[in-house]
Structures are given as structure tokens and as C-alpha cells.
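Results of the structural survey
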Amino acid sequence: MQHIISILVENKFGVLSRVSGLFSGRGFNIENISVGTTLDPSVSQMTVITQGDDRIIEQIIKQLNKLIDVIKVVDLSEKDYIVRETALIKIHTSRSEDRSEALRITEIFRARVVDSTPTTYTIEITGDENKIEAIINLLRPLGIKEIVRTGKIAIAREEMKAAAIQEGKRIRA
Amino acid sequence: MMKMIGAEILIESLKKEGVDTLFGIPGGVVLQIFDALYNEKGLRFILTRHEQGAAHAADGYARATGRPGVALVTSGPGATNTVTGIANAHMDSIPLVVITGQVATRMIGNDAFQEADIVGITRPCTKYNFLVKDVNDLAMTIKEAFYIARTGRPGPVLIDIPKDVSGARTDFAYPEKVSLRSYNPTYYGNKWQIKQAAQAIARAKRPVIYAGGGVILSNASGELKELAEFNRIPVTLTLMGLGGFPGTHPLFLGMLGMHGTYTANMTVHHSDLVIAIGSRFDDRVTGKVTEFAPKAGFIHIDIDPTNIRKNIHVDIPIVGYVWNVLFELNKDLKASQEDRDQWIRERGPWYEQIKEWEKEHPLAYKKNSKGIKPQYVIEKLYELTGGDAIVATDVGQHQMWVAQYFKFDKPRTILSSGGLGTMGFGFPAAIGAQVACPDKLVFNVAGDGSFQMNVQELATAVINHLPVKVAVINNGYLGMVRQWQELFFNRHYSGSVLDGTPDYVKLAEAYGAVGMRAKSPSEVEGVIKEAIRVKRPVVMDFVVDPEENVFPMVPAGGANSEMVFGEVSKEEKEKVGGKKKEKKGSVLPA
Ligand SMILES: Cc1ncc(C[n+]2csc(CCOP(=O)(O)OP(=O)(O)O)c2C)c(N)n1
Ligand SMILES: [Mg+2]
């Protein structure tokens, strides 16, 4: 099963290689890894997506916790969470029909054109994996020049009191 | 506050940590540090002849005392030469602090002369490592390094210090306290889990304790003995655990695993409760893991949560410092003192059964009046020292014979490379132990192959007046490899013949040590006695039966309940394996 693991680490030189080295050294698989800063500049946030049965995931979490620079490990898969990824997609748009088709698709997906030349558009899209795959599939016939993706980041949904949930107060984007 | 340069800060900080000895070799980028050491009275520097020797010596020092061993080496090749020693300590959870010089900070990454990314290289084989980029961080880094090395599950820590950092000047005050928000080992076992364990022990009809190096590392042999004696539970130990429970104790079953005793393996195999203490279910211990103690429930006490459920399902895991957990567990069990006699009575058949196994296949070898049997040498060593010695081993058959035939009653008396299985460990480790314990009798039982891997340290022993006694079990082979080739590869002794072995007596003498040789059983005792008598480093060359094998044995991948005893006689083997014996040339010194 796929697991999304969120890791808070000391923002220090070499920490990324300690984490990635742990995965490669112990034969755990990494499908995705992304790193960024947090509110506290001394702490970084990593999101790792991995596969494994319960025993392997238990080992991964314990081994991560054992790393001296790791502050906290959370398996988001045990919770309700939100995953996002951003992609930048550069497409050929030499013909004017292609340009209007591209704009139409961009609008449907609530994506944005962030750069434009007479022969290309660069489209920025944020969403979950399905959404990104879907827009890529629709843009493909136009001719994709290049795609760059951030990798996934994830966050747990805030716990809500049962009553609030019943009243339908949760707004899901 | 005092102004000091980095090199002086390093020395002062080491002294604050209670360090009294450094093992190592100087070089370009650590000259500043060696200069600071020049007139230093509080620190002894032992110049080894190879950096691997320095790392193993620091390791031996640590194993013998429980205090972190410290090595100091130069950048590049000096640093890379310590890697085997570091990996070795890492596998066996030995506290080391290895200080490496590094090229100047502005040169790092430029392929500078003698530059190696030692922090990158040792990342997977240290508990933690540091590159110090600013002299103002140096004191705190040293504080953290020692703290990490000796707490939790101990291990090696490396500090890489660039040349300009050891030369830079700053205010020095050694930090009083250290705390790392991301490093908080669990010391106290969960009370409820400990209660569960006590109840499981009370219920068990066929319990066994399987303890390992964690008992030694947490100085818990007293608590282990109490647990075993009070509840009358038989004990088996791993190689790393030997000495953690008295080898002469009636409840001791011997080592378990691949070359463990039949009794230990059968007891574990048939038990209904395995109490694992500071041991990690290594594959050399479990054999075929699905058939390891198939009818048992498992209690597992370990400081490292990753060890729990790594290889085997555990029913009652307890994460904590072994000493603390056993202390609590013993308290809980004491509470049911009246019931205790009842359990012990109910376990009668279990104790009987164990005695049967002991009678069925005790440890044994065929005695021989002509050639020396290696096991006989170990038995004699035990007998003539009364067991009162530190024995460092190398890796191979001789190591297993030591584990089988030397009865270790006290912790920190066997120093052996368990996890990594590093040939060449024994001699420098013995040197480190002798430095730490000048009044103890220190032996290195060496293989003729292993000894040659760090034989250069004879110079270190001689020049520092370290009277280490090396007993070379000279079988003319990389014996453990040869054994496997004999048993499983049609006696194809491919790459395992040690032709060209030097004359160990002359070699010892060339270094200024004492050399002695025994070629027949009647000479063994005299050689050992004389070695103990002379207060100098000694190399004893025991020319032993070249094709003796270590038995019993669990063939790789087999279940521990299926041990092989090797009752096949030599003649019979020749019938099976072909009459032609490999020509051995000048293996044995004439
Ligand atoms: C550094 C290293 N290289 C190779 C091995 C593989 N190996 C394991 S035992 C052994 C033979 C050891 O020979 P020796 O030291 O003579 O001991 P013996 O088995 O003959 O007692 C070898 C080569 C090892 N453990 N360590
Ligand atoms: Mg040998």
C-alpha cells in the first residue's frame, strides 16, 4: 500500500542525504520526495511517498525516527489528508486554434498561463495526481514541449469536532 | 573566558569528556592538533601503524571499559582507513568518537590534496557525524558527539575538523549541558508492558532467556543473573552477549545460533516463551527465521525500537535501557514470590528435557595425541588463566572455538567483531583493551589469516610496552572459508590456502616481541605459561590440525533444530570427497 509520510527535520546541511540514504541503504522504495522550509527556519518539512506492507512501513517510520536529525514523523495515510502537486507544462501553440484550445483547457482546470510566446504557452497547474494527469492528457494532442513537476506535498486535515462535521461545516476544495 | 585555537579547544574538550587516550596517526591537516598535543600531560597519544588499527584499538578500549574510545587521524586516506573500524563499531553498537582532519573550509569540494568526503562516506556507518565549519561550534560539537556516542544505543560518531578551524582562535568555555530536541532515547520501559512480561514469565512452562550485547552495554549482567536465578530460567547468549551471564553457571546453555550448542538451540526451538534481552535476532542467531522458536511467544527488550519486529514477530515489546527494564521486571516478579515455587515445580519436565539435550550432544571434539587440536589450545588458555583474562578474537573458526570453549564469566572480557565480522579486529582491539586495563591479562586469539591483516600493530604493542599475548591458531588456511568449501563445495579450496605465511616466531622477534611455537599437544601448556610469565608482547604460534572444523553447525539457511555434528571421520570424508588431498606447500613452518 502507498503511504505518505511527513517528516520534520532539523534544517541542516546533509539531512536530505541522511533521509534518502536511509531509504536506499535499507532497500525501501521512494516514489516521491519533496523538501521545503516551515514557519520555523530551523526546521524543514519533508514529504516522502513510499510503498510497503505494514511491517515495512513500521520499519521505515522507526528508522526515520532513529535518525538524529529527525524531529517528528507522521504517517499521513492513517489520517485524512490533502495532497497537492504543481506542474509547469510548456506546450506548442503555433496555430491559433491550438492557442484557444489551450486556453479553454486551462480555464476548465482552473490552471493559469504563466508565460506566453507566439509559439508556446507555459501553464501552471496545482492539484492532486488525477487532476494533473488529466490536464496533461488533454494537452498532449497539442504537443507538449516540456513538463516540470514539484513532487507531492501533503498536510493532514485539521480534526473537527463531530458536531461541526454534522453541520456540514467542512469545506473541501 | 579564555581565547584558544581550535586545536587547543579540541584537546581541552576531550579532557573534559574524561578522555585519557587517543589512538591515531598524524598528517598534514592535523599538524596543528598534534602540536597542541605535544606537551600535553593529560592525554596519552598512541601511535598505531595503520588507521584501521587506531579505530579498532579505540573500539577495544571502549568494549573493555564502556567508555567511548577515541581516534585521531588525518584527512583523505587517514580518514578512509578508519572506515572499516567505524562500520565495525556501528554494527556492534560500540561508542567511538573518531576525529578526522579535513582540508581547509575554502578548499572543500575542490578535490584538494588529501580531500575525501568522509562525512558522506561514513554517513551510513556512523550513529551520527559532523563537519565543523566554524571554530565557535567546535566545543558544542564535541559535547554532542560524546553525548550521542554513549547514550541510547551507543555507536560511533565522527567529527570532521577542517585545518583552518583547528587554527582559528575563539573564546572557549566547555558547555555544561547538551540537549537535542530530535534525539530522545527511551530509557524507561512501559510499566504496563513490563507487567505483561512478568505475567507471561509466570505462565510459561518452557521459558528461555536469549540475551545479547545490550546486557553488556547497559551493564545489566547483575540484573540478568537475578532474573534467571530467581525464576530459574535457562539462559543462552549471543556472541555479543558472552560474559553477560556467567559461562560457568548451571543455568547457562552456551551460545545459540549457527555454531551454538545443541542444548541452546534445542531449548530455544522447543520453548514456549523466548525472553529476548538486548539482542536483535541476527540471521546467524535465528537460522531459518520462520522456524526459530516456532512454538514460542516473544518478549523483546531493547533500547532501539527498530530492532523490534524487524526480523520476527514480538508479542510483548519493551523499549528501554536493558538495566532499567530488568530492574522493574525483577521487582514485578519478586511480588509473586509465593507463586514462584509453584511455577518452578511445574517446569520440572522442562529442566529435565534440557539436561537430556546436554547429555545427548555436549560440545566435543576428537582429541589427538599427535597434532594440536585448536579447541585444546582454547581449553588450555581457559584453564591456565582461570578465565581471568580479556580475550579479543579475530573472525573465523578460531573465533567460534573461543566462543564455545572459553567460559566467560564476566562482562567485557570477550572482545569480538560480531555484526561486521571483521578479520584483523582482534589484535588492535587487544591493544586498546591493554591500554585501558594495564593490569589485566589480555589475549588475542587470532587466525593466521586475520592476524596478517593488522600485524603491523606489533610495533605499537612493543613500543608502548603493552604485553598483549597473541595466540595464533595457525591452520594454514582461511579456515572458516575452507570449512564451507569442504562441506558444501566439494573441497574446492579456492582462494583459501594461506601459502606464504611468515614464520611468526621470527616475525615477532623482528618487531622486538617474544615469539614462541607449539607443534605438539605436549608443548601447548608450556608455551602459554611462559607467555603469561613474560611481561612483554608475545606471539604464540600454535600449529594446529589444518582441517579441523567447527561443530556443531547449522548449515546456512537451515533451521536451528537441524544441527550437523560432523561425526564423519577423516577417512570417510576422503572416500566421499576423493582421495587426493590438496598440496599445501610450505604452509606450516617447519
Ligand atoms: C576483512 C575480512 N575479509 C574477509 C572475510 C571473510 N572470512 C570470514 S572467516 C575467513 C577466514 C579467516 O581465516 P583465519 O583468520 O585464518 O581464521 P580461521 O578461520 O582459519 O580460524 C574469511 C576470509 C572477513 N570476515 N573479513
Ligand atoms: Mg586460519
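Before going into details, it helps to say that this report is about the structure given with it. Every value quoted in this text rests on a predicted model; they were computed, and no experiment measured them.

Residue and element names in this part refer to chain B. Structurally, the position occupied by Ser218 is in the loop between α10 (213–217) and α11 (221–231). The exposure class assigned to Ser218 is buried, which follows from its relative accessible area of 4%. When near neighbours in sequence (up to four residues on either side) are disregarded, Ser218 contacts Tyr321, Val322 and Trp323.

Residue and element names in this part refer to chain B. Taken together, the protein ligands of the magnesium ion (ligand 2) are Asp448 (OD), Asn475 (OD1) and Tyr477 (O), with distances of 2.0 to 2.2 Å. Within one chain, the residues serving as donors to the magnesium ion (ligand 2) are arranged as D-x26-N-x1-Y. With Asp448 in helix α20 (residues 448–451) and Asn475 in the loop between β18 (469–474) and α22 (479–488), this pair connects stretches of sequence that are 27 residues apart. Accessibility assignment for this pair places Asp448 and Asn475 in one class, buried.

Another point: helix α9 (residues 191–203) of chain B. Residue and element names in this part refer to chain B. Its 13 residues place the ends of α9 19 Å apart at the C-alpha level, agreeing with the 18 Å of an ideal helix rising 1.5 Å per residue. Those residues of α9 that fall on the buried side of the exposure criterion are Gln193, Ile194, Ala197, Ala198, Ala200 and Ile201. When α9 is viewed along its axis, its buried side chains cluster within an angular range of 165° and face the same direction. Exposed side of α9, more than 90 degrees from the buried face: Lys191, Trp192 and Arg203 are the residues found there. If you follow the buried residues of α9, they end up packed against α11, β12 (273–277), β13 (297–302), β14 (316–319) and α14 (322–334).

Further remarks concern the interface of chain A and chain B. Each partner contributes residues to the interface: chain A has 20 residues there, and chain B has 17 residues. For the pair chain A and chain B, the summed buried surface comes to about 1700 Å²; carbon and sulfur atoms form 47% of the total. Our count for the contact surface shared by chain A and chain B stands at four salt bridges. The partner of Glu10(A) in a salt bridge is Arg181(B), and the shortest N-O contact between them spans 2.7 Å. The set of elements that each furnish at least two residues to the side of chain A that touches chain B consists of α1 (15–25), α2 (54–66) and β4 (70–75) of chain A. Among the elements that line the side of chain A that touches chain B, the one with the most residues is α2(A), at six residues.

Next up on the list: the site of ligand 1. Residues and elements named next belong to chain B. Ligand 1 sits among 17 residues. The nearest are Gln397, Asp448, Gly449, Ser450 and Gly479. The backbone of Gly421 places a nitrogen or oxygen atom 2.8 Å from a nitrogen atom of ligand 1. Contacts to ligand 1 include Gly449, whose backbone N or O atom sits 2.8 Å from an oxygen atom. Look at ligand 1: alone it shows 590 Å² of surface, and the protein chains cover 76% of it. At the level of elements, α18 (397–405), α20 and α22 are the ones that each hand at least two residues to the shell around ligand 1.

Residue and element names in this part refer to chain B. Evaluated as defined, the whole model comprises 23 aromatic pairs over all chains. Ring centres 5.1 Å apart and planes at 10° place the aromatic pair Trp323 and Phe327 in the stacked group. Of this pair, Trp323 and Phe327 both sit in helix α14, four residues apart, which is roughly one turn of the helix. Judged by its relative accessible area of 28%, Trp323 falls in the partly exposed class. Seen in terms of ring centroids, Phe427 and Phe451 are 5.4 Å apart; in terms of plane orientation they differ by 70°. Their pairing is edge-to-face. Of this pair, Phe427 sits in helix α19 (residues 426–436) while Phe451 is found in helix α20, placing the two residues 24 residues apart along the sequence. For the pair Phe427 and Phe451, a shared accessibility class is recorded, and that class is buried. The structure contains a cluster of three or more aromatic residues connected by ring pairs, namely Tyr210, Phe281, Phe292 and Phe298. The side chain of Lys367 reaches across the aromatic face of Tyr365, ending 4.8 Å from its centre. The ring of Tyr477 has Arg482 sitting right over it, with the charged end atom 5.4 Å from the ring centre.

Procedures and definitions
- Residues numbered from 1 in each chain as written.
- Chains lettered and ligands numbered in written order.
- Predicted model: local features only at pLDDT ≥ 70, side-chain atom pairs only at ≥ 80, totals over all residues.
- Heavy atoms only, no water.
- Helix = DSSP H or I, 4+ residues; strand = E, 2+ residues; numbered from the N terminus.
- Buried < 20%, exposed > 50% of the residue type's maximum accessible area, 1.4 Å probe, protein only.
- Contact = heavy atoms within 4.5 Å.
- Donors = N, O, S within 2.8 Å, 3.2 Å for Na, K, Ca; no water.
- Expected span 1.5 Å × (residues − 1).
- Arc of directions from axis to C-beta.
- Buried area = accessible area lost by both parts, 1.4 Å probe.
- Salt bridge = Lys/Arg side-chain N within 4 Å of Asp/Glu carboxyl O.
- Near = heavy atom within 4 Å.
- Polar contact = N/O pair within 3.5 Å; in protein donor to acceptor, adjacent residues only side chain to side chain.
- Areas by Shrake-Rupley, 256 points an atom, 1.4 Å probe, with all protein chains shown as cover.
- Phe/Tyr/Trp six-rings, centres within 6.5 Å; stacked < 30°, edge-to-face > 60°.
- Lys NZ or Arg CZ within 6 Å of the ring centre and 35° of its normal.

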